[in-house]
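As a plain string of letters, each chain reads:
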Amino acid sequence: MVITAETALTALWLAGGVCFLLYHAVGSWLFLRRRRRWSLPPGAELAETYEALAGEMGIAHPPALRFCREVGSPMVAGLLRPTLLLPETAAEGTALPFILRHELTHYKRRDLWYQLLLLLAAAVHWFNPLAHLMRRWAASDLELTCDEAVMAGADAAVRRSYGEESYDRRAFKVMTYNVRSFFGESGASNVDDIVRLIGEYDPDIVCMQEFNARLAEKSDDFALLDEQYESAAFG
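Residues numbered from 1 in each chain as written. Predicted model: local features only at pLDDT ≥ 70, side-chain atom pairs only at ≥ 80, totals over all residues. Heavy atoms only, no water.

Asks: An account of the overall build of the protein chain is needed here, citing residue identities and associated values.
Replies: A count of helical and extended segments in the protein chain gives nine helices and six strands. Taken over 235 residues, the protein chain has a buried fraction of 31%. Sequence separation of 24 or more characterises 63% of the internal contacts of the protein chain that already satisfy a separation of 6 or more. With the model as given, the accessible surface of the protein chain reaches about 15400 Å², and the carbon-plus-sulfur share is 58%. (Helix = DSSP H or I, 4+ residues; strand = E, 2+ residues; numbered from the N terminus. Buried < 20%, exposed > 50% of the residue type's maximum accessible area, 1.4 Å probe, protein only. Contact = heavy atoms within 4.5 Å. Areas by Shrake-Rupley, 256 points an atom, 1.4 Å probe, with all protein chains shown as cover.)

Asks: Could you give an account of the nonpolar core, naming the residues involved and the relevant values?
Replies: Counting residues in hydrophobic clusters, the biggest one holds 16 residues, and the most contacted among them are Leu-65, Leu-84, Leu-86, Leu-100 and Leu-104. Setting aside chain neighbours within four positions, we find Leu-100 in contact with Leu-46, Tyr-50, Leu-53, Leu-65, Leu-84 and Leu-86. Residues Leu-32, Cys-68, Val-71 and Leu-85 belong to the second largest nonpolar core, which totals five residues. (Core = buried A, V, L, I, M, F, W, Y, C linked by side-chain atoms within 4.5 Å.)

Asks: Give me the pattern of salt bridges: which residues, what numbers.
Replies: The final tally for this structure, using the stated rule, is two salt bridges. The partner of Glu-56 in a salt bridge is Arg-101, and the shortest N-O contact between them spans 2.9 Å. With Glu-56 in helix 2 (residues 44-56) and Arg-101 in helix 3 (residues 96-108), the pair connects residues that are 45 residues apart, well separated along the chain. A residue is classified by how much of its surface remains accessible, and Glu-56, at 59% relative accessible area, is exposed. Its relative accessible area of 22% is what places Arg-101 among the partly exposed residues. The partner of Asp-111 in a salt bridge is Arg-109, and the shortest N-O contact between them spans 2.9 Å. On the basis of relative accessible area, Asp-111 is assigned to the buried category, the value being 5%. (Salt bridge = Lys/Arg side-chain N within 4 Å of Asp/Glu carboxyl O.)

Asks: Got a sec to walk through a nonpolar patch on the surface? Specific residues and values, please.
Replies: Together, Trp-13, Leu-14, Val-124 and Phe-127 make up a nonpolar patch on the protein surface, roughly 390 Å² of accessible area in all. Turning to its location among the elements, Val-124 is positioned in helix 4 (residues 111-124). (Patch = residues over 30% accessible without salt bridge, like charges linked within 9 Å, V, L, I, M, F, W, Y side chains within 5 Å.)

Asks: Can you lay out the pairing of strand 4 (residues 83-86) for me, pointing to particular residues and giving the numbers?
Replies: Neither face of strand 4 is exposed, since Thr-83 and Leu-85 on one face and Leu-84 and Leu-86 on the opposite face are all buried. Examined bridge by bridge, strand 2 (residues 64-68) and strand 4 share four bridges and lie parallel to one another. What sits directly across from Ala-64, in strand 4, is Thr-83. Judged from the three bridges that link them, strand 3 (residues 75-77) and strand 4 form a sheet pairing that is antiparallel. By the bridge assignment for strand 4, Ala-77 is matched with Thr-83. (Pairing = 2+ DSSP bridges.)

Asks: Residue-level account of the pairing of strand 2, with values.
Replies: It is a general feature of regular strands that their side chains alternate between the two faces of the sheet. As defined by bridge partners, strand 1 (residues 39-40) adjoins strand 2 across two bridges and the pair is classed as antiparallel. Within the sheet, the bridge partner assigned to Ser-39 lies in strand 2 and is Cys-68.

Asks: Any chance you could break down unusual backbone geometry for me, citing the residues and the numbers?
Replies: One non-glycine residue, Arg-110, lies in positive phi territory at about 60 degrees. Position of Arg-110 among the secondary structure elements: in the loop between helix 3 and helix 4. Its relative accessible area of 59% is what places Arg-110 among the exposed residues.

Asks: Pulling in residues and values, what's your account of the environment of Leu-85?
Replies: As for its position among the elements, Leu-85 is in strand 4. Distance from Leu-85 to Arg-35, taken between C-alpha atoms, is 8.2 Å for residues 50 residues apart in sequence. Those residues in contact with Leu-85 that sit more than four places away from it in its chain are Arg-35, Arg-66, Cys-68, Val-71, Ser-73, Pro-74, Met-75 and Ala-77.

Okay, here's the thing in structure tokens:
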């Protein structure tokens with residue numbers, strides 16, 4: 001029996017897709033099993049608030065609400081038996097109603113099924129890194145649109161409170177740049193190298209140390225950098 005290159009490539013493609021799906025299916029099953037085992041129901045007052053909020057959003061059968069010490073951020077998990085999982089610290093946050101609304105928005109829009117569709121697309125194109133980037137970007141867009149829906153019509157104080165809570169449950173990419181000689185002995189600026197590296201890695205937060213900030217302020221490139229990361233402290 002002669003196996004053609006086309007047959008071999010087709011078999012490899014199918015095997016890769018199946019392995020990709022099995023990896024995610026088993027991982028999700030283990031995740032849900034562990035999280036549900038170590039979760040607890042909310043108190044009566046919070047449960048009542050949750051039911052009222054779901055009713056206000058037009059959700060007749062909201063997912064079960066549980067506190068779980070095994071999760072680091074709020075999430076809705078499970079396609080057939082969805083559960084809204086909250087970290088134990090979420091009970092202490094002033095923005096808890098907005099967090100619940102955010103997760104219920106995911107549930108109401110059936111974002112879990114949309115994510116499954118993205119997963120299937122990534123399985124079909126498992127060999128293509130662009131498919132996985134697309135899936136990551138789409139997930140990020142889902143989060144942003146949920147935030148926008150939650151904050152629609154809210155005033156600045158509410159937005160600030162929700163934003164601070166959101167920072168607590170997100171990972172940020174931090175870039176540190178230790179510059180012993182921001183300006184060389186010849187007086188030439190090496191700020192271009194810093195700007196190039198920051199543009200390449202696109203961090204959320206930039207930390208720069210050990211350079212002459214007074215001389216750096218004379219650089220137009222540095223001024224643009226400082227404007228982009230206006231909330232950062234340079235020193």
